[in-house]
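Chain by chain, the residues:
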Amino acid sequence: AMAESMVVIQPEAQGLVESTSFNYRFRLLDSDKGKYLSENDLVITHERILHFIAYDKSLTEFQHVHPTFDGEYWNVTLNFAASGDYKLWAQGKVSK
């Protein structure tokens, strides 16, 4: 079986966020090709170019949002009702 290529989320900044609503900026690094992915590198899946999921361990806090690309970073506004640790997950398809 062919291994899936690995794409890594690289946030613009790291650390604690002390706000319930904030703009999360990140880049997508294709580790196989050694390059950052733009919207031109992705194809639409499920009607969107990129899906972004944020959730906590209990799954009581869950968001499915769609980032936009500004030419360098992907941007998405996240709104959390509760403080805690969140997992962030991006889903998209790299064009061939």
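Use the structure listed above.
Criteria and cut-off values
Residues numbered from 1 in each chain as written. Predicted model: local features only at pLDDT ≥ 70, side-chain atom pairs only at ≥ 80, totals over all residues. Heavy atoms only, no water. Helix = DSSP H or I, 4+ residues; strand = E, 2+ residues; numbered from the N terminus. Buried < 20%, exposed > 50% of the residue type's maximum accessible area, 1.4 Å probe, protein only. Contact = heavy atoms within 4.5 Å. Areas by Shrake-Rupley, 256 points an atom, 1.4 Å probe, with all protein chains shown as cover. Lys, Arg positive; Asp, Glu negative; His and termini not counted. Charge placed at Lys NZ, Arg CZ, Asp CG, Glu CD. Phe/Tyr/Trp six-rings, centres within 6.5 Å; stacked < 30°, edge-to-face > 60°. Lys NZ or Arg CZ within 6 Å of the ring centre and 35° of its normal. Salt bridge = Lys/Arg side-chain N within 4 Å of Asp/Glu carboxyl O.

Trainee: Please clarify how the overall build of the protein should be interpreted in this entry.
Mentor: Along the backbone of the protein there are zero helices and 10 strands. In sequence order, the protein lays out its α and β elements as β-β-β-β-β-β-β-β-β-β. Projected onto its principal axes, the C-alpha coordinates of the protein cover approximately 40 × 30 × 25 Å. Going through the 96 residues of the protein one by one, you find that 29% of them count as buried. Of all intrachain contacts in the protein linking residues separated by at least 6 positions in sequence, the fraction that spans at least 24 positions is 58%. A total of about 6800 Å² of accessible surface is found on the protein, and carbon and sulfur atoms cover 50% of it. Positive and negative charge centroids in the protein, built from 9 and 13 side chains respectively, lie 6 Å apart.

Trainee: I would appreciate a short explanation of the packing of aromatic side chains in the present structure.
Mentor: The relation between two aromatic rings is expressed through the spacing of the ring centres and the mutual angle of the planes. For the structure on display, the rule yields six aromatic pairs. Consider the rings of Phe 22 and Phe 80, whose centres lie 5.9 Å apart with planes at 40°: the pair is tilted. With Phe 22 in strand β2 (residues 21-30) and Phe 80 in the loop between β8 (74-79) and β9 (86-91), the pair connects residues that are 58 residues apart, well separated along the chain. When its relative accessible area of 17% is taken as the criterion, Phe 22 is described as buried. Taken together, a centroid distance of 4.9 Å and an interplanar angle of 50° make the contact between Phe 69 and Trp 74 tilted. Classification of Phe 69 as buried rests on a relative accessible area of 18%. For Trp 74, a relative accessible area of 0% corresponds to the buried category. An aromatic cluster is defined as three or more aromatic residues linked by ring pairs; in this entry it consists of Phe 22, Phe 80 and Tyr 86. Over the aromatic face of Tyr 36 sits the side chain of Arg 27, whose NZ or CZ is 4.0 Å from the ring centroid.

Trainee: How do you make sense of the pattern of salt bridges when you look at a structure like this?
Mentor: Pairing is possible between side chains that carry opposite charge, provided their charged atoms lie close to one another. Throughout the structure, instances matching the rule amount to three salt bridges. Two residues, Arg 25 and Asp 70, come together in a salt bridge whose shortest N-O distance is 3.0 Å. Here the residue Arg 25 occupies a position in strand β2, and Asp 70 occupies one in the loop between β7 (68-69) and β8, the gap between them amounting to 45 residues. Lys 35 is paired through a salt bridge with Asp 41; the nearest N and O atoms lie 3.0 Å apart.

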